[in-house]
Amino acid sequence: MRSLIGFPCLGDMLVGTLDSASGSTGLLIVSGGNEIRSGPHRSMSQLAHRIAAAGYPVFRFDRRGIGDSAGSNLGFLESAPDIVAAAGIFRREAKLRRVIAFGNGDGATALALFHAQARIDALLLANPVIVGPPAAPEEPEEAEPGRGWMRQMIERVAVRRQVTQVGLGSELAAAITGAEVPMTVLLATRDKIAADFAEFLHKPAFAAAGTRVRRKQFDTASHVFAGTTDKAWLYERVIEALAEQRAP
């Protein structure tokens, strides 16, 4: 059975969708980007239906300022309270003993950063992003003599992006290496964001987590695993993770 649930988060009312099932281990889906909880082309809605049919409750929600939820959209780096609130209402409404969380893109990154606060028991992180939101526009600067203004602008944007990436990357590395729950990274091999993260995993900052973070790959260019075979592969990986964490 599928039902809508409203729940509070820092004074705002969030909206989520619960696909009920008999199991005491459930799947929390955290949307990426500014996507609503149904996912691109309703892919997360369809995944939730299939997972619930296999006996595992599933909860999807819109964070503040997205979809049906009230409040201001502060971006994924400010979504810790939303994830905590969603995990809490999911545990209560579905009477769960364990919660496995799945996120794609910056939803995966948010889970890596904030899962401990939400008492998540295991993580499925698909194509995590390692670059934070764009920096606020800077005041116009006088162009340096003898250099094209366009070239200078491109260089400044590149530098700001690199600084943002380093800052988020260090936080992400610390969160992953310090995680105390099972973590599986799912990568679309021909997706640029996934490729960047795969390269990032080889950096020294991740050395301590090398044997703890499982990595599974699928040959696709789709960041959201949109193809028929992509969806089948993703469903199998989610079911595997849920079965491993099934509460007695």
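Look up: the structure comes first, before these words.
The rules we used
- Residues numbered from 1 in each chain as written.
- Predicted model: local features only at pLDDT ≥ 70, side-chain atom pairs only at ≥ 80, totals over all residues.
- Heavy atoms only, no water.
- Helix = DSSP H or I, 4+ residues; strand = E, 2+ residues; numbered from the N terminus.
- Buried < 20%, exposed > 50% of the residue type's maximum accessible area, 1.4 Å probe, protein only.
- Contact = heavy atoms within 4.5 Å.
- Areas by Shrake-Rupley, 256 points an atom, 1.4 Å probe, with all protein chains shown as cover.
- Pairing = 2+ DSSP bridges.
- Right-handed = clockwise from strand over helix to strand, strands pointing away.
- Phe/Tyr/Trp six-rings, centres within 6.5 Å; stacked < 30°, edge-to-face > 60°.
- Lys NZ or Arg CZ within 6 Å of the ring centre and 35° of its normal.

1. Structural notes on the overall build of the chain
Here's step 1: Along the chain, the regular secondary structure elements total six helices and eight strands.
Here's step 2: Secondary structure elements in the chain, listed N-terminal to C-terminal, are β-β-β-α-β-α-β-α-β-α-β-α-β-α.
Here's step 3: A buried classification covers 48% of the 248 residues belonging to the chain.
Here's step 4: At a minimum sequence separation of 6, the contacts of the chain that also span at least 24 residues come to 72%.
Here's step 5: Accessible area of the chain: about 12200 Å², with a carbon and sulfur share of 56%.

2. As for the pairing of strand E3 (residues 25-30)
Here's step 1: Burial within E3 is extensive, with six of its six residues counted as buried.
Here's step 2: Neither face of E3 is left uncovered, since the one carrying Thr25, Leu27 and Ile29 and the one carrying Gly26, Leu28 and Val30 both have all their residues buried.
Here's step 3: Both E3 and strand E5 (residues 98-104) contribute to a ladder of six bridges, which runs parallel. Bridging across to E5, Thr25 finds its partner in Arg98.
Here's step 4: Viewed along the sheet, the connection from E3 through helix H1 (residues 43-53) into strand E4 (residues 58-62) turns out right-handed.

3. Looking at the pairing of strand E2 (residues 12-19)
Here's step 1: E2 sits mainly inside the fold: six of its eight residues count as buried.
Here's step 2: The pairing of strand E1 (residues 2-9) with E2 spans eight bridges and is classified as antiparallel. Bridge pairing in E2 links Leu4 to Thr17.
Here's step 3: Hairpin connection from E1 to E2: two residues lie between these consecutive antiparallel strands, with Leu10 at a positive phi of about 50 degrees.
Here's step 4: Two strands pair when backbone bridges link them, and E2 and E4 are joined in this way by five bridges, in the antiparallel orientation. Its bridge partner lying in E4, Val15 is registered against Asp62.

4. A look at the packing of aromatic side chains
Here's step 1: According to the stated counting rule, one finds five aromatic pairs in the structure shown.
Here's step 2: With centroids separated by 6.5 Å and ring planes inclined at 70 degrees, the aromatic side chains of Phe7 and Phe61 adopt a geometry described as edge-to-face. In this pair, Phe7 sits in strand E1 while Phe61 sits in strand E4, placing the two residues 54 residues apart along the sequence. Per residue, the accessibility class of Phe7 equals that of Phe61, and both read buried.
Here's step 3: A connected cluster of aromatic rings, assembled from ring pairs, spans Phe7, Phe59, Phe61 and Phe90.
Here's step 4: Sitting over the ring of Tyr235, Arg50 keeps its end group 3.8 Å from the ring centre.

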